[in-house]
Amino acid sequence: DAGVIQSPRHEVTEMGQEVTLRCKPISGHNSLFWYRQTMMRGLELLIYFNNNVPIDDSGMPEDRFSAKMPNASFSTLKIQPSEPRDSAVYFCASSLVGGKNTEAFFGQGTRLTVV
Amino acid sequence: QKEVEQNSGPLSVPEGAIASLNCTYSDRGSQSFFWYRQYSGKSPELIMSIYSNGDKEDGRFTAQLNKASQYVSLLIRDSQPSDSATYLCAAPVRDSSYKLIFGSGTRLLVRP
């Protein structure tokens, strides 16, 4: 298995531009998480999908952020318009939630820089 | 109160010593707990999971869980410089869903 695949690995964009981050979860996993990591705030959960349905988006910082999961093998996180304070590493993780098994596996992350 | 709390460190230990990393959690309903290791510039990597009270050993790593005290720890025996990383504790927290929440991480430095 290739693991969780994220793209792009690095993104540099200008303030005000739209940014789309992509994630392919591990095949067979039914839950997908988007996290943001900064030095100041650590690893923050932005949104959580289960069976392609958004279950909890309370971590999404504001309306500029949106996430979709159109099918079990693909998810996007979009920021429009982007701002310098959005600069961070964004991780996608997937897991098979069933009983005790909520072990999540992470992608390599997307390092976003907004200038 | 944060849902999952860790001391940010850094925790500095000499090579060969035992490193002890601690984590507390607020949701008494949490049933499973995870330790991740994150090297600088890399993504978190799952190294241990524990579901029952007591100890679970895997090589040089031992996870300890005390549900009554809402406390989970990770012991690293015979610490090596390659163990130097940030260690993240995680637990699924149930409010409207079982979302996986991470502590802020403890930075471990193993001195040669």
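Numbering of residues begins from 1 in every chain and follows the order in which that chain's sequence is written. Each chain is given a letter, starting from A, and each ligand a number, starting from 1, according to the order in which they appear as written. Whole-chain, interface and lining totals are the exception, using all residues; otherwise, since this is a predicted model, local features are given only for residues with pLDDT of at least 70 and side-chain atom pairs are given and counted only at 80 or more. The basis for every side-chain value is the complete set of heavy atoms in the structure, and neither hydrogens nor water enter the calculation.

1. With respect to the overall build of chain A
Turning to step 1, where the next piece is worked out: A count of helical and extended segments in chain A gives 0 helices and 11 strands.
Turning to step 2, where the next piece is worked out: Each helix and strand of chain A, placed in order from N terminus to C terminus, yields the pattern β-β-β-β-β-β-β-β-β-β-β.
Turning to step 3, where the next piece is worked out: As defined in this context, the radius of gyration uses C-alpha atoms, and a globule is described by 2.2 Å times the residue total to the power 0.38. For 115 residues, the compact-globule estimate of 2.2 N^0.38 gives 13 Å, and the C-alpha radius of gyration of chain A, at 13 Å, lies within 12% of that figure.
Turning to step 4, where the next piece is worked out: Considered along the principal axes of its C-alpha atoms, chain A spans approximately 40 × 30 × 30 Å.
Turning to step 5, where the next piece is worked out: Across the 115 residues that make up chain A, the buried fraction comes to 47%.
Turning to step 6, where the next piece is worked out: Working rule for contacts: check all heavy atoms of both residues, and any pair within 4.5 Å makes them a contact. Taking the contacts inside chain A whose residues are at least 6 apart along the sequence as the reference set, 54% of them involve residues at least 24 apart.
Turning to step 7, where the next piece is worked out: Carbon and sulfur atoms make up 50% of the accessible area of chain A, which amounts to about 5,700 Å² in all.
Turning to step 8, where the next piece is worked out: Charge convention: Lys and Arg are scored as positive, Asp and Glu as negative, and His as well as the terminal groups of each chain are ignored. Just so you know, the charge point we use is NZ for Lys, CZ for Arg, CG for Asp and CD for Glu. Treating the 11 positive side-chain charges of chain A as one cloud and the 12 negative ones as another, the clouds have centres 4 Å apart. In this description a helix means any DSSP run of H or I spanning at least four residues, a strand means any run of E spanning at least two, and both kinds are numbered starting from the N terminus. Type-normalised accessible area, obtained with a 1.4 Å probe on protein chains alone, sets the label of each residue: buried when under 20%, exposed when over 50%, and partly exposed for intermediate values. In these tables, accessible area is a Shrake-Rupley quantity obtained with a 1.4 Å probe, and a residue counts as shielded only by the protein chains included in the view.

2. Focus: the layout of surface pockets
Turning to step 1, where the next piece is worked out: Throughout, the protein atoms alone are placed on a 1 Å grid, and a set of points is a cavity if a 1.4 Å probe fits but cannot get out or a pocket if it is open with protein on both sides within 12 Å along at least five of seven lines; lining residues have an atom within 4 Å of a point. Grid points are joined across faces, edges and corners, and a volume is the space filled by probe spheres set on the points. In this structure, the largest pocket spans a volume of roughly 1,200 Å³.
Turning to step 2, where the next piece is worked out: Together, 44 residues line the largest pocket, and Gln37, Thr38, Arg41, Gly42 and Leu43 of chain A are the ones closest to its centre.
Turning to step 3, where the next piece is worked out: Those elements giving two or more residues to the lining of the largest pocket turn out to be β4 (31-38), β5 (42-50) and β9 (88-95) of chain A together with β9 (85-94) and β10 (98-102) of chain B.
Turning to step 4, where the next piece is worked out: A total of 5 residues in the lining of the largest pocket trace back to one element, the largest contributor, which is β5 of chain A.
Turning to step 5, where the next piece is worked out: In the lining of the largest pocket, the residues fall into 16 nonpolar, 18 polar and 10 charged. Throughout this entry, Asp, Glu, Lys and Arg are counted as charged residues, while Ala, Val, Leu, Ile, Met, Phe, Trp, Tyr, Cys and Pro are counted as nonpolar. The remaining residues, Gly among them, count as polar.

3. Observations concerning the side chain of Ser43 of chain B
Turning to step 1, where the next piece is worked out: Considering the arrangement of structural elements, one finds Ser43 of chain B in the loop between β4 (33-38) and β5 (45-50).
Turning to step 2, where the next piece is worked out: A distance of 3.3 Å separates the side chain of Ser43 of chain B from the backbone oxygen of Gly107 of chain A, its partner in a polar contact.
Turning to step 3, where the next piece is worked out: Residues contacting Ser43 of chain B, with those up to four places away along its chain left out, are Phe91, Phe106, Gly107 and Gln108 of chain A together with Arg37 and Gln38 of chain B. Identification of polar contacts relies on pairs of N or O atoms within 3.5 Å, with a donor-acceptor requirement for protein atoms, meaning one able to donate a hydrogen and the other able to accept it, and with residues adjacent in sequence counted only if both atoms are side-chain atoms.

4. Regarding the pairing of β4 of chain A
Residues and elements named next belong to chain A.
Turning to step 1, where the next piece is worked out: Most of β4 sits out of view: 7 of its 8 residues are buried.
Turning to step 2, where the next piece is worked out: Any two strands with at least two DSSP-identified bridges between them are counted as paired. For β4 and β5, the ladder comprises 8 bridges, and the chain directions are antiparallel. Pairing of Thr38 across the sheet is with Gly42, part of β5.
Turning to step 3, where the next piece is worked out: Between the antiparallel neighbours β4 and β5 lie 3 residues.
Turning to step 4, where the next piece is worked out: Summarising the sheet, β4 and β9 pair through 7 bridges and their orientation is antiparallel. By the bridge assignment, Trp34 is partnered in β9 with Cys92.

5. Description of the state of the cysteines
Turning to step 1, where the next piece is worked out: To count as a disulfide, a pair of cysteine sulfur atoms needs to be within 2.5 Å. Taken as a whole and assessed by the stated rule, the structure comprises 2 disulfides over all chains.
Turning to step 2, where the next piece is worked out: Through a disulfide, Cys23 of chain A is tied to Cys92 of chain A; the S-S separation comes to 1.9 Å. For the disulfide bridge between Cys23 of chain A and Cys92 of chain A, the dihedral angle about the S-S bond is near -65°, and by the sign convention the bridge is left-handed. Here the residue Cys23 of chain A occupies a position in strand β3 (residues 19-24), and Cys92 of chain A occupies one in strand β9, the gap between them amounting to 69 residues. The two residues Cys23 of chain A and Cys92 of chain A agree in class, both being buried.
Turning to step 3, where the next piece is worked out: Here Cys23 of chain B is linked by a disulfide to Cys89 of chain B, with a sulfur-sulfur distance of 2.1 Å. Taking the torsion about the sulfur-sulfur bond, which here is approximately -75°, the covalent link between Cys23 of chain B and Cys89 of chain B counts as left-handed. You can see Cys23 of chain B sitting in strand β3 (residues 19-25) and its partner Cys89 of chain B sitting in strand β9, a full 66 residues away along the chain.
Turning to step 4, where the next piece is worked out: Exposure remark for Cys89 of chain B: the relative accessible area of 1% places this residue in the buried category.

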